Amino acid sequence: MAEARAAPAEAPVAANEEPPLSDVLSAYRTMVIARVMDERCLTLQRQGRIGFYVPMQGQEAAQVGCAWALAEEDWIFPAYRELGVALARGIPIPLLINQFFGNSGDEIKGRQMPNHYGYRRFRFVTASSPVGTQISHAVGAAMAARLRKDPIVTVSFFGDGTTSSNDFHAALNFAGVFQAPSIFFCQNNQWAISLPREKQTRSATLAEKAAAYGFPGVVVDGMDFRAVYRAVAEARTRALAGGGPTLIEAQVYRLGPHSTSDDPRRYRSDAELAEWRDRDPVARLKQELHEAGALTEENDRAIWEAAKEEIARAVEAAEKLPSVDPLSIFDDVYAQRTPSLEEQRAGLQRELAAGGEPKR
Amino acid sequence: MTELTLVQAINRGLQQAMHDDADVVMLGEDIGLNGGVFRATDGLQKEFGAERVIDTPLSETGIVGTAVGMALYGLKPVPEIQFQDFIYPAFDQIVSEVAKFRYRSGGQYPCHLVIRSPYGGGVKGGLYHSQSAEAYFAHTAGLKVVIPSTPADAKGLLLSSIYDEDPVLFFEPKRIYRAVSGEVPDGDHRVPLGVAKVVREGTDLSLFAYGAMVHPALQAAETLASDGPSVEVVDLRTLSPLDEKAVLASVEKTGRAVIVHEAPRFCGYGAELAALFAEKALFSLKAPVARVTGYDTPFPYALEHLYLPNAARIVAAVRTTMAAG
């Protein structure tokens, strides 16, 4: 498909593909915020203050490391477990917390379960629950960007289970054929709810699936921030130079449950969990920064404290906000409400006026 | 004005949009070099290049999913599904993604694209080249569903769909791709979405149809004209959103309704119209609402002539309805 390939774009990332130390410290801070926020949100769900939560503990280095290697203009196509990516993108904590509460401060108007957010101004596309559908979107957006000669890449995020989905294969095939400037970032967290990685596919690695589609697939230690950063930076440089897509398999571990509706003790051992806990990506980067002389114990404590305070403030503010406008249920189905939606809206309006709102 | 077949009118509509707007791109199986299996996209890759008229691998979910990404980025993609019977691999993309993007993002991400696909029987296509799957999509909030019945409407509705702000499923009656021709306005001809058309005026009974079935409906009305009732024929043109005002106005005028479609009867589009008449026009009705539809079977190959509604069957339904009251 030589005719579908654009001229190589300019501006690859820095040649050495290593982030400066000050940047790593900032990334570490983001990873700490992700960890604290994750723990806080699990508690909020258990207390019945938010309805649901999808934790991501264990995947901080993979997510923040990947996002750190991207440019602000690059487009993110997340799944529903990408808190670290969202924070690294600069999406404000209160915006995310408001989404979890589905309150009037939620920019997506309480339409989706917690974790299913997205913000156009951060080029972070709104997630859905079906797995894999976003991978094709990332390929299409990459092709569109190339058509418009925008020097960007798109990145899709998904897990090990998603590599069995229809759209994973369709999207990788399209990306290979059209040499789309797109990065497929697979976080292999070892478990797709209760199905272990080795029962998901007979392939030795997930990354090797890229070979069938004619482009590189790489395995990277997802608990290692720098290793992830390097892999993504390299893939990005190649994509921008017209070298096509890359599949990256970041090997991580889901330290928590699949979601707050899941009990992982039913299917995996404490010993396995303990083994991975010893490889905690946040603790690992802390150690590295400490050894490089960039982080003292005192500074570290301050980072954790600041994160806790900031999140506590956001939660407190979120709980004070009113709920979403009941009549907004009919908005954004279409660009304009259709006559039948107007009629249904008027019906709800009458119902609310007559008897108030039923209990949530 | 130019005399064109329906498929030529589609081709001219696509050409017009691609010429006027660099954001319009097309993707699908065999649409480029081959010009589409029905030639709907004939000559367009040559004129606009392989980056805008894209021959894709054989994956409907890949075609629609890729088009979604293009739409989110700001292009106006017009993916083609070669036969509507093969749209199901893309069902998840259409129902879970296309239909819900605007809503689930709180309005941040409109997902405007036009999925074109030939539908319907009468071409000896058997189970998998004959289906009328419009009801699945009309049932889904967030989608618009458009089906033209004439060359002029085909071009005009297609161009309106391409410039609409919402996702449109544009189903083309392949049986009359070449069997029907007519005068088509040149240039950027638009026919508004959501507006039904009374294609024949009458006073005693209203026939409601869309796509290929508009033609046997007109034939039936013509047959009855000499000695029978005066039959009005309404071409819905847009199934979602339905032009409720227009269909109710017709029923209120004539007091009788017969609904025609080639899709199976059970939970078919006709059921929605019949329910609408029961809810909002019951006291105008002089007789029960009747439906002339495909049977509740898969689409048969050797017996498709028995499966498909035809003018004679419509005439019979009209006579029965007239006799009922």
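### Concerning the overall build of chain B
Link 1 in the chain: From N to C terminus, chain B includes 12 helices and 14 strands.
Link 2 in the chain: Taking 325 residues into account, the globule formula puts the C-alpha radius of gyration at 20 Å, and chain B, at 19 Å, falls close to it.
Link 3 in the chain: Counting only residues that meet the buried cut, chain B has 63% of its 325 residues in that class.
Link 4 in the chain: Taking contacts inside chain B between residues at least 6 apart in sequence as the whole, the part at least 24 apart equals 82%.

### Quick look at the environment of A22 of chain B
All names here are of chain B.
Link 1 in the chain: The topology assignment puts A22 in the loop between α1 (6-20) and β2 (24-28).
Link 2 in the chain: Residue class for A22 comes out exposed when judged on its relative accessible area of 58%.
Link 3 in the chain: It is 9.5 Å that separates the C-alpha atoms of A22 and F48, two residues lying 26 residues apart in sequence.

### Section: the interface of chain A and chain B
Link 1 in the chain: Taken together, the contact pairs 50 residues of chain A with 47 residues of chain B.
Link 2 in the chain: Buried area between chain A and chain B, both sides added, is near 3,900 Å², and the carbon and sulfur share of it is 59%.
Link 3 in the chain: A salt bridge links R148 of chain A to D23 of chain B; the shortest N-O distance between them is 3.2 Å.
Link 4 in the chain: Here chain A and chain B share 23 residue pairs in polar contact (both at pLDDT 80 or more) between them.
Link 5 in the chain: Secondary-structure elements contributing two or more residues to the side of chain A that touches chain B are β1 (75-77), α5 (133-147), α6 (166-178) and α13 (339-355) of chain A.
Link 6 in the chain: The element best represented in the side of chain A that touches chain B is α5 of chain A, accounting for 9 residues.

### So, α6 of chain A
Residues and elements named next belong to chain A.
Link 1 in the chain: Taking 1.5 Å per residue, 13 residues should reach 18 Å; α6 reaches 18 Å between its end C-alpha atoms and fits that length.
Link 2 in the chain: Residues D167, F168, A170, A171, L172, F174, A175, G176 and F178 constitute the buried set of α6.
Link 3 in the chain: Following α6 by one or two positions, Q179 has its phi on the positive side, about 50°.

### Observations concerning the domain arrangement of chain A
Residue and element names in this part refer to chain A.
Link 1 in the chain: By domain assignment, chain A separates into domain 1 (2-324) and domain 2 (325-360).
Link 2 in the chain: Centre-to-centre separation of domain 1 and domain 2, based on C-alpha positions: 36 Å.
Link 3 in the chain: Each partner contributes to the interface: domain 1 provides 4 residues, whereas domain 2 provides 6 residues.
Link 4 in the chain: In terms of surface lost to domain 2, no three residues of domain 1 exceed K109, R111 and V324, which account for 85% of the buried area on that side.
Link 5 in the chain: For the pair domain 1 and domain 2, the number of links is 2 salt bridges.
Link 6 in the chain: Put simply, D332 and K109 hold a salt bridge, and the shortest N to O gap is 2.9 Å.
Link 7 in the chain: Across the contact surface, domain 1 and domain 2 share 4 residue pairs in polar contact (both at pLDDT 80 or more).
Link 8 in the chain: Each residue belonging to the side of domain 1 that touches domain 2 can be placed in one class, and the counts come to 1 nonpolar, 1 polar and 2 charged.

### A look at the pairing of strand β6 (residues 217-221) of chain A
Residue and element names in this part refer to chain A.
Link 1 in the chain: One ladder, built from 5 bridges, connects β6 with strand β7 (residues 246-251); its direction is parallel. The residue of β7 that forms the bridge with V219 is E249.
Link 2 in the chain: Following the chain from β6 across helix α9 (residues 225-240) to the adjacent parallel β7, one finds a crossover that is right-handed.

### Focus: the packing of helix α2 (residues 60-68) of chain A against α9 of chain A
Residues and elements named next belong to chain A.
Link 1 in the chain: At a closest axis distance of 8 Å, the pairing of α2 and α9 adopts a crossing angle of 40°. Comparing their axes, α9 and α2 come out oblique. Our pair here, α2 against α9, has a crossing hand that is right-handed. From α2, A61, A62, V64, G65, C66 and W68 reach across to α9, where they touch F225, V228, Y229 and V232.
Link 2 in the chain: Here the contact of α2 with α9 is built from residues that sort into 9 nonpolar, 1 polar and no charged.

### Brief notes about the packing of aromatic side chains
Link 1 in the chain: Per the counting criterion, the structure on display carries 25 aromatic pairs over all chains.
Link 2 in the chain: Both rings, one in F38 of chain B and one in Y177 of chain B, keep their centres 5.2 Å apart while their planes meet at 55°; by these two values the pair is tilted. Within this pair, whereas F38 of chain B is found in the loop between β2 and α2 (44-48), its partner Y177 of chain B is found in the loop between β7 (168-173) and β8 (181-184), the two being separated by 139 residues in sequence. Here the two residues F38 of chain B and Y177 of chain B agree in accessibility, since each one is buried.
Link 3 in the chain: Ring centres 6.0 Å apart and planes at 85° place the aromatic pair Y88 of chain B and Y136 of chain B in the edge-to-face group. Linking Y88 of chain B in the loop between β4 (76-80) and α4 (91-98) with Y136 of chain B in helix α6 (residues 134-138), this pair joins segments that are 48 residues apart in sequence.
Link 4 in the chain: Look at Y88 of chain B and you get partly exposed, because its relative accessible area is 31%.
Link 5 in the chain: What makes Y136 of chain B partly exposed here is its relative accessible area of 47%.
Link 6 in the chain: Among the aromatic residues, ring-to-ring pairing joins Y53, F100, Y117, Y119 and F124 of chain A into one connected group.
Link 7 in the chain: The ring of F101 of chain B carries the charged tip of R104 of chain B above its face, separated from the ring centre by 3.9 Å.
Link 8 in the chain: Sitting over the ring of Y301 of chain B, K124 of chain B keeps its end group 5.7 Å from the ring centre.

### Some thoughts on the sheet that holds strand β13 (residues 257-264) of chain B
Residue and element names in this part refer to chain B.
Link 1 in the chain: The 5 strands are arranged β9-β11-β10-β13-β14 in an open sheet whose pairing can be described as mixed. Each edge of the open sheet is held by one strand with a lone partner, namely β9 (197-200) and β14 (290-294). Sheet twist, expressed as the average angle between the axes of neighbouring strands with direction ignored, equals 25°.

### A closer look at the nonpolar core
Link 1 in the chain: Residues F184 and L247 of chain A together with I94, F137, F208, L236 and F277 of chain B are the most contacted members of the largest nonpolar core, which totals 109 residues.
Link 2 in the chain: With residues near it in sequence (within four places) discarded, F208 of chain B still touches V234, L236, V247, S250, V251, A257, V258, I259, V260, L273 and F277 of chain B.
Link 3 in the chain: Judged by nonpolar contacts, the second largest core, of 75 residues, contains L87, I93, F101 and F185 of chain A.

### Some words on the domain arrangement of chain B
All names here are of chain B.
Link 1 in the chain: Split into domains, chain B comes out as domain 1 (2-184) and domain 2 (197-324).
Link 2 in the chain: Across the contact, 27 residues belong to domain 1 and 24 residues belong to domain 2.
Link 3 in the chain: When domain 1 packs against domain 2, close to 2,100 Å² is buried across both sides, 57% of that on carbon and sulfur atoms.
Link 4 in the chain: On inspection of domain 1 and its partner domain 2, the count reaches 1 salt bridge.
Link 5 in the chain: D153 serves as the salt-bridge partner of R237, at 3.2 Å between the closest nitrogen and oxygen.
Link 6 in the chain: Summed over the shared surface of domain 1 and domain 2, the number is 13 residue pairs in polar contact (both at pLDDT 80 or more).
Link 7 in the chain: Those elements that place two or more of their residues in the side of domain 1 that touches domain 2 are α6, β6 (144-146) and α7 (151-162).

Calculation rules
- Residues numbered from 1 in each chain as written.
- Chains lettered and ligands numbered in written order.
- Predicted model: local features only at pLDDT ≥ 70, side-chain atom pairs only at ≥ 80, totals over all residues.
- Heavy atoms only, no water.
- Helix = DSSP H or I, 4+ residues; strand = E, 2+ residues; numbered from the N terminus.
- Rg over C-alpha atoms; globule rule 2.2 N^0.38 Å.
- Buried < 20%, exposed > 50% of the residue type's maximum accessible area, 1.4 Å probe, protein only.
- Contact = heavy atoms within 4.5 Å.
- Buried area = accessible area lost by both parts, 1.4 Å probe.
- Salt bridge = Lys/Arg side-chain N within 4 Å of Asp/Glu carboxyl O.
- Polar contact = N/O pair within 3.5 Å; in protein donor to acceptor, adjacent residues only side chain to side chain.
- Expected span 1.5 Å × (residues − 1).
- Domains from an automatic or database assignment.
- Nonpolar A, V, L, I, M, F, W, Y, C, P; charged D, E, K, R; others polar.
- Pairing = 2+ DSSP bridges.
- Right-handed = clockwise from strand over helix to strand, strands pointing away.
- Axes fitted to C-alpha atoms, helices over the stretch in contact; angles between N-to-C directions.
- Parallel < 35°, antiparallel > 145°, perpendicular 65-115°, else oblique.
- Left-handed = near helix turned anticlockwise from the far one by under 90°.
- Phe/Tyr/Trp six-rings, centres within 6.5 Å; stacked < 30°, edge-to-face > 60°.
- Lys NZ or Arg CZ within 6 Å of the ring centre and 35° of its normal.
- Core = buried A, V, L, I, M, F, W, Y, C linked by side-chain atoms within 4.5 Å.

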